[in-house]
Amino acid sequence: MEAVIGGVVVGAVVAVAVPSIASGIGSVVRPLAKGMIKGGLVAYAAVSELVSETGEQFNDMIAEAKAEIGNNDKKMTRAKSQRA
C-alpha cells in the first residue's frame, strides 16, 4: 500500500514538474532550432545559386562546342567539294 501511495505521489510530482521543465527547455531549444533552420535556409540558397550558375556556364560551353563542331563540319565539307 505504501508503494502505491509513493508511486501516486511521484506521478503527481512528475505531472506537475514536467510541463514547467519542458517549457524552460523549450525556451532555450526553440531559438537554437530556429537559428539552425535559418542557417540551413541560407546555405541552401547559396548552394542553389552556385549550382544554377555552374549549370548556365556548362550549358554555354556545350553550345560553344556544338557551334565549333558545326563550323568544322562546314569547313570539311567545303574542302572536300573543292578537291572534287
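Quick note: structure is the one above.
Residues numbered from 1 in each chain as written. Predicted model: local features only at pLDDT ≥ 70, side-chain atom pairs only at ≥ 80, totals over all residues. Heavy atoms only, no water.

1. With respect to the overall build of the protein
A tally of regular secondary structure across the protein gives one helix and zero strands. Out of the 84 residues belonging to the protein, those deemed buried represent 0%. Accessible area for the protein stands at about 7,400 Å²; split by element, carbon and sulfur atoms hold 68% of it. (Helix = DSSP H or I, 4+ residues; strand = E, 2+ residues; numbered from the N terminus. Buried < 20%, exposed > 50% of the residue type's maximum accessible area, 1.4 Å probe, protein only. Areas by Shrake-Rupley, 256 points an atom, 1.4 Å probe, with all protein chains shown as cover.)

2. Considering the environment of T54
Following the sequence through the fold, T54 ends up in helix α1 (residues 2-83). Side-chain polar atoms of T54 contact the backbone oxygen of L50, separated by 2.8 Å. (Polar contact = N/O pair within 3.5 Å; in protein donor to acceptor, adjacent residues only side chain to side chain.)

3. Some words on a negative patch on the surface
On the surface, a cluster of negative charge is contributed by E49, E53, E56, D60, E64 and E68. As for its position among the elements, E68 is in helix α1. (Patch = residues over 30% accessible without salt bridge, like charges linked within 9 Å, V, L, I, M, F, W, Y side chains within 5 Å. Salt bridge = Lys/Arg side-chain N within 4 Å of Asp/Glu carboxyl O. Lys, Arg positive; Asp, Glu negative; His and termini not counted. Charge placed at Lys NZ, Arg CZ, Asp CG, Glu CD.)

4. Some details on a nonpolar patch on the surface
A surface patch of nonpolar side chains, about 470 Å² in accessible area, is lined by I21, I25, V28, V29 and L32. Mapping I21 onto the fold places it in helix α1.

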